[in-house]
Structure formats: C-alpha cells, structure tokens
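# Close look at the chain arrangement
Each chain is listed here by its residues.
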Amino acid sequence: MIPGRRLFLALLLLQPALAAASEASGHGEHSGMATPLKLALMFVNLGLFVLLMRSVALPGIRRWVSERREMVVDALEKAARAKREAEKLQAEWKQRLANLDAELEQLRNQARAAIAAEREEILRSARTLADTIARDAQRAAEQELRNARDLLRAELARNAYELASKQAPQHLTSADQRRFLDEFIQQVSK
Amino acid sequence: MTGSIARRYAKAMFAVARDSGTLEQAAGDLERLAAIAAAPQVAAALANPLLSETQRRDLASAISDDLALRPETRTFVCVLADHQRLDQLGGIADHFRRLLDRHLGQVRATIGSSAALDSADVERIVAVFAAKTGKRVLAETRVDPDMLGGVIVDIEGKVYDGSLRNQLRGLADSIARGRSYL
C-alpha cells in the first residue's frame, strides 16, 4: 500500500500542474502542443481514479464477495445435508414398505395369540367360577338337608317324649316303680 | 357378696355357740328367726335402709322378745341390727345349719319321687347315701308327679337324677342327635 500511496500523492500533486498547463495550452490549440498534456492529465486522472477505487471500494467489494461466497457454500452444504437425510429417510421408508407385509403378518399373529390366550383365560376363570358355584350349591343343599333332618329328628324326639310322658303314668305299675328304684340304688352304689 | 357376708356372720355365731355348747339351741333360734324374716312384711322392714339405728335396735328387740331368744342370740341380732344386716338372717341360718351339719357329721338330702315312698324305700336310699358320703343322712321327701317314675336325690346341691322323666329326655336327646337308641 505504501508505493500506491506515494504514487497517489505524486499523481495528486501532479494533477493540478497538468491541469494548469493544459489550461494554459488551451489557448494555443492549433499549435498541436496541447494534446500530450491533455493525454497525460487523462492518464493522471485515470490513475487517481484507479488508486482511489483500489484503496476505498475494493476491500468492501472483496469482503462482500467473500461473505457472499461463504453464504453460498453454507447454503450448499445445508442443501447437501438435507438431501442426504432425505435420501436416508427415503431408504428407510422403502425398507419399511418392503417389510410392511411381513410386519403386518407378525402383528396379526401376535394379535391372534393374545386373543387365544385371553379366551383361554376367560374360559378357565369361567370354569373355576362354575365349579365353585356348583360346589357351594352342593354344600348349601347338603346343609339344608342336614338341617331338615335335624329338625325332623328333633320334632320326632319331642313327639316321642310327649307321647311317652302321657302314656307312662297310665302304664307304669308299682313293680316298674320298684324296678326304677332298684336300678337307681344300684347305679348310685357303684 | 351377700352369701359371703352371711357366711362370715354364721361362722362367728357358730364359734360362739360351739364354745358355749349351745349349738342346737342356737340353730333353733336362727331357724325361727329365718322363718320370721322370710315373711314379706318383716323382710321389707328388715331391709329398709331408712330405719335409724334406734329403730333397727327396737325392731331387733321386738323380734327377740317375741321369739323369746336366748341372750347370746339376742346379742347377735342386735349386732346385725347395728350393722344393717338384719336382711341376711335367712342366709345366716342356712350357713349355720350347714356348719352344724358338718360339725355333727351329717348331710341333708331331699328325696323326690313321682309317688310317695314307703319308709323302707326311704331307709334304703338313706343307707346308700350314708355309705357313699360316710355321714349321717337327714332326709326329707317330696312328691313330684312330673317325674313320671324313679327318684331324684339332692344331697348338698349334688343331684342324682334317676327319674323316668330324665331317662325319657336322654332318649329324646339321642333321637334328636341321630344316635341309635335301641
């Protein structure tokens, strides 16, 4: 940059002189001496313009171009990644679609097995419950029978006792009374 | 509770009468007192908690005078009156009689039958229980037609039931329980 700066300063200092000389020579245009000075002034102006552009505009343009380039590269990488993922997803789905029938069949088999197991469990529970109910009913019936038998026996015993109590005084003789007494004394004496 | 109170007083009275050699007389006094105390009006008066000490003493003196009690028994009745135990006379007489029976080596028995027993039968029964207990048996008889037949002997709270009614009940129980009765 230093040589460029020096050249720029030199051209900047040279430009007014050339401009003045060109102005002065403007009065004698017909002599043919003005054309080189004008040409030199144009070169100086062009150099100044180039140097000015180089030092002021060029870094901004370079930076912009660089950023733009990075953006484009980044966008391209993202697009490439997205493309790879999409391809991977597509491959997975293709694989799943290819295995879908087998998977569906497996699910169907699992569902059938679960339903069969559930059915067996329900049947087993129902059989157990039915057995329990039948057993309880049998026990209840047996108990009812025992109760009825006991009631009948109790009624029979009560009737027998009442009948015997009524009949005994009429049929017992003094010999019977004597026998009762003898048996009592015999039992107590033991 | 009342039983234990009556027993304590009976023991005290028994000790006094035994020491003075008047057990039989004391027993007679107490039996007469118990007979008087069993009358409903007298029982109510003896158990009345509203009577003052003087009134209770007067009541005890009046009863003692009426029954012409001996001095020892009269003193005993006054002690009962002082301690508001006149209503225990019946129980005291019972316990005293038991103590006396035990002292004399005798037991009391009640012989029940459906028909009146002759004296020979009673003597047979008395002899059996005398041999069984080793004591003299004082028997009293009663007739209970509901027994149907046989005898029941109650000797100091222990009952020997040889009645036909009891045998029939046993038979009925066997039938009810489903046992063979043949």
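Residues numbered from 1 in each chain as written. Chains lettered and ligands numbered in written order. Predicted model: local features only at pLDDT ≥ 70, side-chain atom pairs only at ≥ 80, totals over all residues.

### Observations regarding the interface of chain B and chain A
Spelled out, the test is: By definition, residue pairs are in contact when their C-beta atoms, positioned from the backbone, come within 7 Å. Runs of E in the DSSP output that reach at least two residues are strands. Runs of H or I that reach at least four are helices, and both are numbered from the N terminus. Classes in brief: Ala, Val, Leu, Ile, Met, Phe, Trp, Tyr, Cys and Pro nonpolar; Asp, Glu, Lys and Arg charged; the others, Gly included, polar.
Facing the 19 residues of chain B at the interface are 22 residues of chain A. Elements with a minimum of two residues in the side of chain B that touches chain A: α7 (119–133) and α8 (164–176) of chain B. Broken down by element, the side of chain B that touches chain A gets its largest block of residues, six residues, from α8 of chain B. Its residues assigned to classes, the side of chain B that touches chain A comprises 11 nonpolar, four polar and four charged.

### Regarding the environment of G47 of chain A
Following the sequence through the fold, G47 of chain A ends up in helix α2 (residues 34–171). Between the C-alpha atoms of G47 of chain A and L12 of chain A, which are 35 residues apart in sequence, the distance is 9.5 Å.

### So, the confidence of the model for chain A
The condition is simple: A score between 0 and 100, pLDDT records how confident the predictor is in each residue.
Here chain A averages 88 in pLDDT, and 94% of its residues register 70 or above. Across chain A, the secondary-structure element scoring lowest on mean pLDDT is helix α1 (residues 2–24) of chain A, at 80, and the one scoring highest is α2 of chain A, at 92.

### Topic: the packing of helix α2 (residues 23–37) of chain B against helix α6 (residues 89–104) of chain B
Between two packed helices, what matters for the description is the angle formed by their axes and the separation of those axes. All names here are of chain B. The criterion, for reference: Axes here mean lines fitted to C-alpha atoms, for a helix over just the part in contact, with angles spanning 0 to 180 degrees between N-to-C directions. The cut-offs work like this: below 35 degrees is roughly parallel, past 145 is roughly antiparallel, 65 to 115 is roughly perpendicular, and the gaps in between are oblique. Crossing handedness is defined as follows: a turn of the near helix away from the far one that is anticlockwise and smaller than a right angle gives a left-handed crossing, while the clockwise case is right-handed.
Axis separation between α2 and α6 bottoms out at 8 Å; the angle between their running directions is 150°. On the basis of the axis angle, α2 is roughly antiparallel to α6. Here the hand of the crossing between α2 and α6 comes out left-handed. Here L23, A27, L30, E31, L33, A34 and A37 of α2 come into contact with α6, specifically with L89, G90, I92, A93, F96, R97, L100 and H103. Looking at the contact of α2 with α6 residue by residue, the class counts come to 11 nonpolar, two polar and two charged.

### Some thoughts on the pairing of strand β4 (residues 158–161) of chain B
All names here are of chain B. Formally: Each pair of strands is called paired provided DSSP finds at least two bridges between the two strands.
As paired strands, strand β3 (residues 151–155) and β4 are joined by four bridges and run antiparallel to one another. Residue pairing across strands places D154 opposite V159, the latter belonging to β4. Following β3, the chain reverses through two residues before pairing antiparallel with β4; E156 in that reversal takes a positive phi of roughly 50°.

### Things to note about the sheet that holds strand β2 (residues 136–143) of chain B
All names here are of chain B. Taking strand neighbours across the sheet as the criterion, the four strands line up as β2-β1-β3-β4 in an open arrangement whose pairing is mixed. In this open sheet, the two edge strands, each paired with only one partner strand, are β2 and β4. Averaged over all neighbouring strand pairs, the angle between strand axes comes to 20°, with direction disregarded. Where α7 meets the sheet, its contacts fall on β1 (106–113), β2 and β3, and the angle it forms with β2 comes to roughly 140°.

### Regarding the nonpolar core
Residues and elements named next belong to chain B. Stated precisely, the cut-off is as follows: We call a set of buried Ala, Val, Leu, Ile, Met, Phe, Trp, Tyr and Cys residues a nonpolar core when their C-beta atoms link them within 7 Å. Three classes are used. A residue is buried when 20 or more other C-beta atoms lie within 10 Å of its own, exposed when 12 or fewer do, and partly exposed in between, with C-beta atoms placed from the backbone.
Formed by 25 residues in total, the largest nonpolar core has its most connected members in A10, M13, L30, V77, I92 and F96. Contributions of two or more residues to this core are made by α1 (2–20), α2, α4 (53–67), α5 (71–82) and α6. With six residues, the single largest contributor to this core is α1. Beyond its immediate stretch of four places on either side in the chain, I92 contacts A6, Y9, A10, M13 and L30. Core analysis: the second largest hydrophobic core is formed by 19 residues, F129, M147, L164 and I175 among them.

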